[in-house]
Amino acid sequence: MIMDDRISRDDLLHFVFKPSRYLGGEVNAVRKDHRTCRLSVALAFPDTYEVGMSHLGLQILYELLNNRDGIIAERAYAPWPDLEELLRRHAIPLATLESGTPLRDFDLVGFSLQYELSFTNVLTMLELGGIPRRRTDRRDGDPLVIAGGPCCFNPAPMSAFIDAFVIGEGEEVSGELATVMMREKDRGSGREKLLAALAELPGIYVPAVHTRGEKIRKRVVADLNAWTLPVRPLAPLMKTIHDRAVLEIARGCTRGCRFCQAGMVWRPVRERQPGILREMADQMLAATGQEELSLLSLSSGDYTCIETLLPLLMDRYYARRIALALPSLRVETLSRNLIEAIRRVRKTSFTLAPEAGTQRLRNVINKGNTEADLLATSAQVFAAGWRGVKLYFMIGLPGEEEADLEGIATLAHQVLRTGRKRGEVTVSLSTFVPKPHTPFQWQRQIGPEETTLRQEFFKSRLRHRQIQIKWHEARMSRLEGLFSRGDETLGDLVELAYRGGCRFDGWSDRFRSEIWDDAIRTLGIDVAANLADRSRNAALPWDHIDAGVERDFLWAEGQKAREEELTPDCRREGCYRCGACDHIEIRPLLAEDGPPEDHGAAATGGPEEMTTESRVDLDVAEARAASPATANNASETGAFGIHLAGPGQPAREDPGQGNGQRLRLRFTKQGRSRHLSHLETAAALTRGIVRGGRRFLFTAGFHPHPRMSFAVATAVGLASEGEYCDVVWERTPDETASLPGEINRFLPEGMMITELVELAPDSPSLTASLRGFQYTATLPPRLNAAALDALEGRIAAFLAAAAFPVTRTVKDRTIIRDIRPLVTDLIMDRTGRRMLMEVRFTNEGAVRPEEILIHALGLDPSLPAVMNLTKTATFFIDK
Ligand code: SF4
């Protein structure tokens, strides 16, 4: 086949699902010259681009490292199996998005370990990147492989593959680590010396150096106000899990839910000041043109100044139609104005997280919210106009009894009744996974069979056409539990499952239970023993990791759970000495409406009633991606999106609607941008226009969107010298002539506005004016004279034919279309080795250029993709 020996990395993108995952070139992506940098870092995320790009921690490190002279930081994400197969087949190494540099050529490759079921993807990325999988097989000259993220609080299962683990928060230690690496590199130190030097850094665990007796204390940023968030964050070109600017308002949580690892390991609570947040939000939105801003924390409703910050941001961004996402916002914290704003916008599903079915069990887990809270909240939510409420529960919690399962069913029906017959309820059930560094770390996890029995129970108890049940796959939970509390021997399991073909195990449609089972059998791993209760004195694989909260405190909390006794929130009731704070440097910091100030451990404010948190429709991937302090048990993060509306401002009216300027834009879509889908192209153009200082006029209705229309949908993979789009934005005194340059600065590589013309109000639409297109294709160099003669013959035959029916598949339907009348000219330029095609546009559409090349000219179907197909002209009726 022609493509076999000459395909490039870029060519592969024609053959994969979602090529925009691999484009790079996002707004604010950093390009540096490798030759001028002393240290090169590849930030690797072992999941898809959509998940990884939504992760704030990676964005923080990307900006922090690139802000330093002499350091270059680039990114790589796990390739989907279609690309993996192509990379292997063509022996092309996995490389970074920014420069296409293979991972093996970096000094340091840093993985973000957010979720146990992404472990096999780490091995995929190492192997495809040309790096030995096992750390003991790496030599001088191989990159140093480090990892950070919540999974590192038990580094044992991945310690065969990772050279050094970062325990805790990365802001400070990433800089220290880079400094040590540069110093050792300058000294010409070998691998052994480098690892020894890194092991000296607080918060770094180096399996090859540290003995099990040495404690590694997690790193904590004392005051978040001293660390700005990325104010020029990467704005993705494709739809990601969280396609929005992220404003981390606080880190840490003091509620003390006993199942929640994030709530324990990211203590103490540290809030950013509202004034600083406002400035950062302004900069982020200006730098990205994004349409949504997320106020992120483990419990947004607990942010001290939420009542100040929300209206402030609402007033600020309403006119720009910037929506707000509020993770884990407790409903009773909503002001009347905010509820009114929510009432006006789209109402999808609203998630409430009681976690357990009875008050007794909620006390056991220290959730503390009451049934009355939940029912009052659901009534309020339905009354505000939501049609559906999603209830999130865990099954298999310590101390669970049959009455607790009955309680879940009862609660679901009670919540449904608060909807006054119009509502719908979705019950989402996940299996409790005991996590390290929590009070439940010694508890057993139920097995898949027990999970299935419970699922059957709910199927019979929740038979109602307005109640839906969803659950996590029991075998995935079992594996998550195995790795969460597993030891070093599990490295063999990860590797064996990887070699068996396991990839993207956190994706239920990719999870290969039979391969994992085979590997477990082969290695003789006793899963039941791993998931069983552990005694107080049992050695735990993570004993050498000091996450702040003390083991005795955790044990005592476990005992209180048995007694069904609550532990209050330390920000309200005072410090109970969990161990996270030294009260000198590390202590809770709460926000004030004035300059930053330390509130001390026993922070002010009277006891506040604990209530159910509200969330909307997050899946596990979304929860994984949410925060550097990502929740485990997939339950502590949530969001609902509202379009901001300030007090008294109707959300559906459009300010300035009568002052519109209608323009026609001609723009290019070349280079890597040719792989953008139509929606991605539209989003990139919209953001570029917003960042270039224009304010769109919006359509009316519940879902207002910018007034923008395209001649035709832009095709994925087809380059274009001229696409057309009509826009309506607010008229300004600026000269239109200077605008393209202002906007082009903010468009991705390969996209550029080349013409901008103001239209008369009565001008016909783009579609009504369209007559046809011209395409050119480059002929492959290996087509010899005889092949070119044959092509000329086929061109002549095609042009002479009265009809030329081809079969086309449209949305799983096969249709036959006569393409001959749609082709107005077909010319081969032998000297320039180009094919030129002119086609007619009709109300039924047009012929695609690759259809001409494959069907009329008989070229190999794989060939058009690599022939540099380009739309070179668009013809209008009046031209
Ligand atoms: S040490 Fe005290 S103030 Fe700090 S997180 Fe623990 S309980 Fe709260």
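Provided above is the structure to which this section pertains.
Note that the structure is a prediction, hence the values are computed from the model and not measured. (Residues numbered from 1 in each chain as written. Predicted model: local features only at pLDDT ≥ 70, side-chain atom pairs only at ≥ 80, totals over all residues. Heavy atoms only, no water.)

Draft legend 1. Representation of the overall build of the protein within the structure. In terms of helices and strands, the protein carries 27 helices and 30 strands. With 879 residues in all, the protein has 61% of them scored as buried. Partitioning the intrachain contacts of the protein with sequence separation of at least 6 by distance along the chain shows that 79% fall at a separation of at least 24. In the structure as shown, the protein presents an accessible area of about 33,700 Å², 50% of it carried by carbon and sulfur atoms. (Helix = DSSP H or I, 4+ residues; strand = E, 2+ residues; numbered from the N terminus. Buried < 20%, exposed > 50% of the residue type's maximum accessible area, 1.4 Å probe, protein only. Contact = heavy atoms within 4.5 Å. Areas by Shrake-Rupley, 256 points an atom, 1.4 Å probe, with all protein chains shown as cover.)

Draft legend 2. Region of the structure containing unusual backbone geometry. Going from arginine 267 to proline 268, the amide bond is cis rather than trans, its omega being -5 degrees. A positive phi is found at lysine 18, a non-glycine position, where the angle reads about 55 degrees. Residue placement: lysine 18 occurs in the loop between α1 (9-12) and β1 (39-45). Non-glycine residue arginine 833 carries a positive phi angle of around 50 degrees. With respect to the secondary-structure elements, arginine 833 resides in the loop between β28 (823-829) and β29 (834-840). Its relative accessible area of 24% is what places arginine 833 among the partly exposed residues.

Draft legend 3. Examining the sheet that holds strand β3 (residues 108-112) more closely. If you trace the six strands from one edge of the open sheet to the other, you get β2-β1-β3-β4-β5-β6, paired in mixed fashion. Strands at the two margins of the open sheet, each flanked by one partner only, are β2 (71-77) and β6 (204-205). In this structure, β1 lies alongside β2, joined through seven bridges in parallel fashion. Following the sheet pairing, phenylalanine 45 is matched in β2 by tyrosine 77. Strand contacts of helix α5 (residues 119-128): β1, β2, β3 and β4 (144-148), with the helix running at about 160 degrees to β3, the strand carrying the most contacts. This element, helix α7 (residues 191-199), spans β4 and β6 of the sheet and lies at about 25 degrees to β4. (Pairing = 2+ DSSP bridges. Axes fitted to C-alpha atoms, helices over the stretch in contact; angles between N-to-C directions.)

Draft legend 4. Structural view of the packing of aromatic side chains. Per the stated rule, a full pass over the model turns up 17 aromatic pairs. A centroid spacing of 5.8 Å and a plane angle of 90 degrees characterise the contact between phenylalanine 432 and phenylalanine 440, whose relative ring orientation is edge-to-face. By the burial criterion, phenylalanine 432 is buried, and phenylalanine 440 matches it. An aromatic cluster of three or more residues is present, and its members are Trp80, Phe504 and Trp507. (Phe/Tyr/Trp six-rings, centres within 6.5 Å; stacked < 30°, edge-to-face > 60°.)

Draft legend 5. View of the pairing of strand β8 (residues 245-248). Alternating residues of β8 divide into Ala245 and Leu247 and Val246 and Glu248, and every residue in both groups is buried. In the sheet, β8 pairs with strand β11 (residues 292-296) via four bridges, with the strands oriented parallel. Each bridged residue has a counterpart across the sheet, and for alanine 245 the counterpart in β11 is leucine 293.

Draft legend 6. Fine view of the nonpolar core. Formed by 105 residues in total, the largest nonpolar core has its most connected members in Phe111, Leu113, Met158, Leu493, Leu685, Ile689 and Val727. Broken down by element, the residue count for this core peaks at six residues, all from α5. Setting aside residues up to four positions removed in sequence, phenylalanine 111 forms contacts with Ala44, Pro46, Val122, Met125, Leu126, Val145, Ile146, Ala147 and Gly148. Ranked by size, the runner-up nonpolar core spans 36 residues in total, among them Ile852, Ala856, Leu859 and Met867. (Core = buried A, V, L, I, M, F, W, Y, C linked by side-chain atoms within 4.5 Å.)

Draft legend 7. Examining the site of the ligand more closely. The ligand sits among twelve residues. The nearest are Cys570, Cys575, Cys578, Cys581 and Pro588. Among the residues forming the shell around the ligand, the class breakdown is eight nonpolar, two polar and two charged. (Near = heavy atom within 4 Å. Nonpolar A, V, L, I, M, F, W, Y, C, P; charged D, E, K, R; others polar.)

Draft legend 8. View of empty space enclosed by the protein. By the definition in use, this model includes 14 cavities of 30 Å³ or more. Here the largest cavity defines a volume of roughly 510 Å³. Contributing to the lining of the largest cavity are 31 residues, with Gly57, Leu61, Gly148, Gly149 and Gly170 lying nearest its centre. Only β1, α3 (56-66), β3, β4 and α6 (170-187) provide two or more residues apiece to the lining of the largest cavity. Looking at the lining of the largest cavity, the element that brings in the most residues is α6, giving six residues. (1 Å grid on protein atoms, 1.4 Å probe; cavity = no way out; pocket = protein on both sides within 12 Å on 5 of 7 lines; lining within 4 Å. Points joined across faces, edges and corners; volume = space filled by probe spheres on them.)

Draft legend 9. Local environment of the pattern of salt bridges. What the rule picks out here adds up to 65 salt bridges. In this structure, arginine 134 engages aspartate 492 in a salt bridge whose closest nitrogen and oxygen atoms are separated by 2.8 Å. Of the two residues, arginine 134 sits in the loop between α5 and β4 while aspartate 492 sits in helix α17 (residues 490-500), which places them 358 residues apart along the sequence. Using a relative accessible area of 38% as the deciding quantity, one classes aspartate 492 as partly exposed. Across the pair glutamate 495 and arginine 134 runs a salt bridge whose closest N-O atoms are separated by 2.7 Å. Here glutamate 495, found in helix α17, pairs with arginine 134, found in the loop between α5 and β4; they are 361 residues apart in sequence, far enough to count as distant. Looking at glutamate 495, the relative accessible area reads 9%, which means it is buried. (Salt bridge = Lys/Arg side-chain N within 4 Å of Asp/Glu carboxyl O.)

Draft legend 10. Quick look at the packing of α5 against α17. With their axes 9 Å apart at the nearest point, α5 and α17 run at an angle of 65 degrees to one another. Overall, the two elements α5 and α17 adopt an arrangement that is roughly perpendicular. Crossing angle aside, the handedness with which α5 passes α17 is right-handed. Here α5 contributes Phe119, Thr120, Leu123, Thr124 and Glu127 to the contact with α17, which in turn contributes Val494, Glu495 and Tyr498. Here the contact of α5 with α17 is composed, by residue class, of four nonpolar, two polar and two charged. (Parallel < 35°, antiparallel > 145°, perpendicular 65-115°, else oblique. Left-handed = near helix turned anticlockwise from the far one by under 90°.)

Draft legend 11. Region of the structure containing the packing of α17 against helix α18 (residues 513-523). Two elements in contact, α17 and α18, have axes separated by 9 Å at closest approach and are oriented at 135 degrees. Here α17 is positioned oblique relative to α18, judged by the angle of their axes. With respect to the hand of their crossing, α17 and α18 are arranged in right-handed fashion. Mapping the contact onto sequence places Asp492, Leu493, Val494, Leu496, Ala497 and Gly500 in α17 and Ile515, Trp516, Ala519, Ile520, Thr522 and Leu523 in α18. Across the contact of α17 with α18, the residue classes tally to nine nonpolar, two polar and one charged.

Draft legend 12. Representation of the pairing of strand β30 (residues 870-876). A large share of β30 lies buried, amounting to six of its seven residues. As paired strands, strand β23 (residues 719-730) and β30 are joined by two bridges and run parallel to one another. Note that in β30 the partner of serine 720 across the bridge is lysine 871. Sheet topology note: the strand β25 (residues 770-778)/β30 ladder contains six bridges and is antiparallel.

Draft legend 13. Summary view of helix α20 (residues 551-562). An ideal rise of 1.5 Å per residue puts 16 Å on twelve residues; α20 measures up with 17 Å between its terminal C-alpha atoms. Taken residue by residue, α20 has Phe553, Leu554, Trp555, Glu557, Gly558 and Ala561 as its buried positions. Elements that come into contact with the buried residues of α20 comprise α8 (261-265) and α12 (359-364). Immediately downstream of α20, the backbone of glutamate 564 shows phi near 60 degrees, a positive value. (Expected span 1.5 Å × (residues − 1).)

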